[in-house]
Amino acid sequence: MVETPETERATTATSSVGDPLSMSEIQAWFIREVLPLESVLMQFLSRSGRSKSDSEDICQDVYMRVCAAAAEELPRNPRALVFTVARNLLINRVKHEQVISIEAVENLEGLNVAIDEPPPDRVVIAREELRLLQTALGKLPERIRNAVVMHKIDGLSTAEIALRTGASERTVQRDLGEGVRALAEILLREPADTRRAS
Amino acid sequence: MIEETAPGPALEIQSQAAEFLVARRNGRSWSEFDEQSLNAWLAQSMAHRIAFWRLESVWNRADRLNALRPMAPAKTAVAANPRKRIAPFAFAAAVVAGIAALGLSTNLLWNQPRVTSYSTPIGGRETIRLADGTTIELNTNTVVRTALTEKRRTVELVRGEAFFQVRHDERRPFVLLAANHRVIDLGTKFLAREDGTRLKVVLIEGSAKVETGISTDNAKSALLKPGDEAVATARDLTITRKSDKQLESELGWQRGVLVFQRATLVDVAREYNRYNSRKIIIADTKAGARLITATLPTNDVTGFARMAKNFLGLHVEEREGEIVISH
């Protein structure tokens, strides 16, 4: 049986192209249409010579702008919008920098390629999703992984995890926070083929 | 759209979003005040909202890991029923921005349960009384940690052996954790002894549930009745019924004695060694196989040595820090 992610089901009926959106509709649209583009977007940003934190800031800026646009009117082609906004932001940055690296400008040309790439598959069979999650889990540092396993699989609260591991509850919360960020990094950013267990 | 001021660095916002998300999903310590702090934070910037949506979507996906859970112990209700979606945020009303980030992290700290550790040295014995009326008697060389909150009482047997008399409270379950095992009180007097990955539970009164292999795919559980002795290892959970006399022997240490009924000398020595820093060493298997029925004081190693010599006719060599017994 094929299952579609929660967000997909929640939004199919709610809005059509052209209507202004409510905040929860923007949220659903963002998760459904924009978030799957994150891996390509981040690859593009780092290829254009941006540092990690710089890429993060630009990515955040892109998201804010496309969500603002979606609040006015649901974009017809989210992928094109995301990369157009990203390109404009990059060009702005490059212009404002004292030294313009030729490489950075050249890389901007590569953008059209990114836009034309096929979109990542959104509908994942439940079992495949579980495998992706397990593989992602396996990539976490041990302590973080243990905390996530106890929380998500055993259903233990942070207090209970703290009791078992001897760490403070504060530490467990921080570990879980790092866990969700690391999972986002792996699930949203690593190309699909390397995400899979070999 | 709400007017935007320039957001902070993306990495910082991500880490704040992660902190909110984890605390919120944790349920127990999430208060109305925290909810308002979150709403205010979200209302501050579209960047905050997006960072939260992003991580939340990943955290929701991770809920699917729940399928790896081997069985459905008592906690399933909590685990399988996290808030599936964010309640629709009252963004317009979230002009509560006044309280902004104020005190969020401190508030999260206020709600931590107070964890207290208790321990006894080798040969020690101590009774502690918890605020809820529960008493825990710690045997020799034992460490327990307690964490009491309004909603639950969690005690971990880190090492050793303890006798629990639990004041039952339906609204505040009492859970004992040890190694990979869990004992859930249903109104109980019980004895628990931890030994590496092994946990032995002897139920004296009331009833209790023992769960083992909690985070493995080999989880098992059993409901104990008075007189039941459960031994949980990494692989197995076995239950045996004990006679009243056997139960009394198990609790001998509370009176300062060790009660042996046809126990091998090896077992006797092992028991003695838990209570005394001067160790008994059995030098050969022939001596170790001798059977003993006796009631002996826990702290009298020399008395034990004398008994081995006079009654069993064994060879006893007293050295510094140890006593060696051979055939």
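All figures in this text were calculated on a predicted structure; none of them were measured in a lab.

Draft legend 1. The arrangement of the overall build of chain A in detail. When helices and strands are counted, chain A shows 12 helices and zero strands. Listing every helix and strand of chain A by position from the N terminus yields α-α-α-α-α-α-α-α-α-α-α-α. Within the span of chain A, comprising 198 residues, buried residues form 51% of the whole. Within chain A, residue pairs in contact and separated by at least 24 positions form 71% of the contacts whose partners lie at least 6 positions apart. Only carbon and sulfur atoms are counted for the fraction: they give 52% of the accessible area of chain A, which is about 9,500 Å².

Draft legend 2. Broad picture of the overall build of chain B. For chain B, the helix and strand inventory stands at nine helices and 16 strands. When the 327 residues of chain B are sorted by exposure, 50% land in the buried category. When the accessible surface of chain B is totalled, it reaches about 15,300 Å², and 51% of it is carbon and sulfur.

Draft legend 3. Spotlight on the nonpolar core. Ranked by size, the top nonpolar core spans 73 residues in total, and within it Phe 30, Leu 41, Val 62 and Leu 183 of chain A together with Trp 53 and Trp 59 of chain B carry the most contacts. Trp 59 of chain B has contacts with Val 148, His 151, Lys 152, Leu 176, Val 180 and Leu 183 of chain A together with Leu 21, Val 22 and Arg 25 of chain B, leaving out every residue within four places of it along the chain. Formed by 29 residues, the second largest nonpolar core is a distinct cluster that contains Trp 253, Phe 260, Tyr 275 and Ala 294 of chain B.

Draft legend 4. The interface of chain A and chain B, seen in detail. Residue-level contacts link 52 residues of chain A with 59 residues of chain B. The contact between chain A and chain B buries some 5,300 Å² in all, and 63% of this surface belongs to carbon and sulfur atoms. Linking chain A to chain B there are four salt bridges. For Glu 19 of chain B, the salt bridge goes to Arg 170 of chain A, with nearest N and O atoms at 3.3 Å.

Draft legend 5. Geometry of the sheet that holds strand E15 (residues 315-319) of chain B. Residue and element names in this part refer to chain B. The mixed open sheet is built from three strands, whose spatial order is E13-E16-E15. Single-partner strands in this sheet number two, and they are strand E13 (279-282) and E15. Strand-to-strand twist of the sheet, defined as the mean angle between neighbouring strand axes without regard to direction, takes the value 20 degrees. Examined bridge by bridge, E13 and strand E16 (residues 322-326) share four bridges and lie parallel to one another. Residue pairing across strands places Lys 279 opposite Glu 322, the latter belonging to E16. Strands E13 and E16 of the sheet are contacted by helix H7 (residues 265-275), whose axis makes an angle of about 160 degrees with E13.

Draft legend 6. Highlighting the pairing of strand E10 (residues 228-232) of chain B. Residue and element names in this part refer to chain B. Among the five residues of E10, five are classified as buried, and the element is accordingly described as predominantly covered. Residues of E10 alternate between two faces, with Asp 228, Ala 230 and Ala 232 on one and Glu 229 and Val 231 on the opposite face, all of them buried. Of the pairings in the sheet, the one linking strand E8 (residues 198-212) to E10 comprises four bridges and is antiparallel in character. Note that in E10 the partner of Leu 199 across the bridge is Ala 232.

Draft legend 7. Main features of the packing of aromatic side chains. Counting across every chain of the model gives seven aromatic pairs over all chains. Here Phe 44 of chain A and Phe 83 of chain A contribute two aromatic rings whose centre-to-centre distance is 6.4 Å and whose plane-to-plane angle is 75 degrees, an arrangement assigned as edge-to-face. With a gap of 39 residues between them, Phe 44 of chain A in helix H3 (residues 38-47) and Phe 83 of chain A in helix H5 (residues 78-96) connect regions that are remote in the sequence. Judged by relative accessible area, Phe 44 of chain A falls into the buried class, the value being 2%. A relative accessible area of 0% means that Phe 83 of chain A is categorised as buried. Look at Phe 164 of chain B and Phe 190 of chain B: their rings are 4.9 Å apart centre to centre, the planes differ by 15 degrees, and that puts the pair in the stacked class.

Draft legend 8. Geometry of the confidence of the model for chain A. Looking at chain A, pLDDT values average 76 and 70% of them are 70 or higher. Contacts for the low-pLDDT stretch residues 194-198 of chain A, under 50 throughout, to residues beyond four places or in other chains number 12 contacts.

Draft legend 9. Up close: helix H1 (residues 10-25) of chain B. Over its 16 residues, H1 of chain B extends 22 Å from the first C-alpha to the last, a length consistent with the 22 Å expected when each residue adds 1.5 Å. Within H1 of chain B the residues assigned to the buried category are Ala 10, Ile 13, Gln 14, Ala 17, Ala 18, Phe 20, Leu 21, Val 22, Ala 23, Arg 24 and Arg 25 of chain B.

Draft legend 10. Representation of the pattern of salt bridges. On inspection of all chains with the given rule, the structure shows 34 salt bridges over all chains. Within this structure, Glu 38, Lys 52, Glu 56, Glu 185 and Arg 189 of chain A together with Arg 54 of chain B form a network of salt bridges that share partners.

Analysis parameters
- Residues numbered from 1 in each chain as written.
- Chains lettered and ligands numbered in written order.
- Predicted model: local features only at pLDDT ≥ 70, side-chain atom pairs only at ≥ 80, totals over all residues.
- Heavy atoms only, no water.
- Helix = DSSP H or I, 4+ residues; strand = E, 2+ residues; numbered from the N terminus.
- Buried < 20%, exposed > 50% of the residue type's maximum accessible area, 1.4 Å probe, protein only.
- Contact = heavy atoms within 4.5 Å.
- Areas by Shrake-Rupley, 256 points an atom, 1.4 Å probe, with all protein chains shown as cover.
- Core = buried A, V, L, I, M, F, W, Y, C linked by side-chain atoms within 4.5 Å.
- Buried area = accessible area lost by both parts, 1.4 Å probe.
- Salt bridge = Lys/Arg side-chain N within 4 Å of Asp/Glu carboxyl O.
- Pairing = 2+ DSSP bridges.
- Axes fitted to C-alpha atoms, helices over the stretch in contact; angles between N-to-C directions.
- Phe/Tyr/Trp six-rings, centres within 6.5 Å; stacked < 30°, edge-to-face > 60°.
- pLDDT = per-residue confidence, 0-100.
- Expected span 1.5 Å × (residues − 1).

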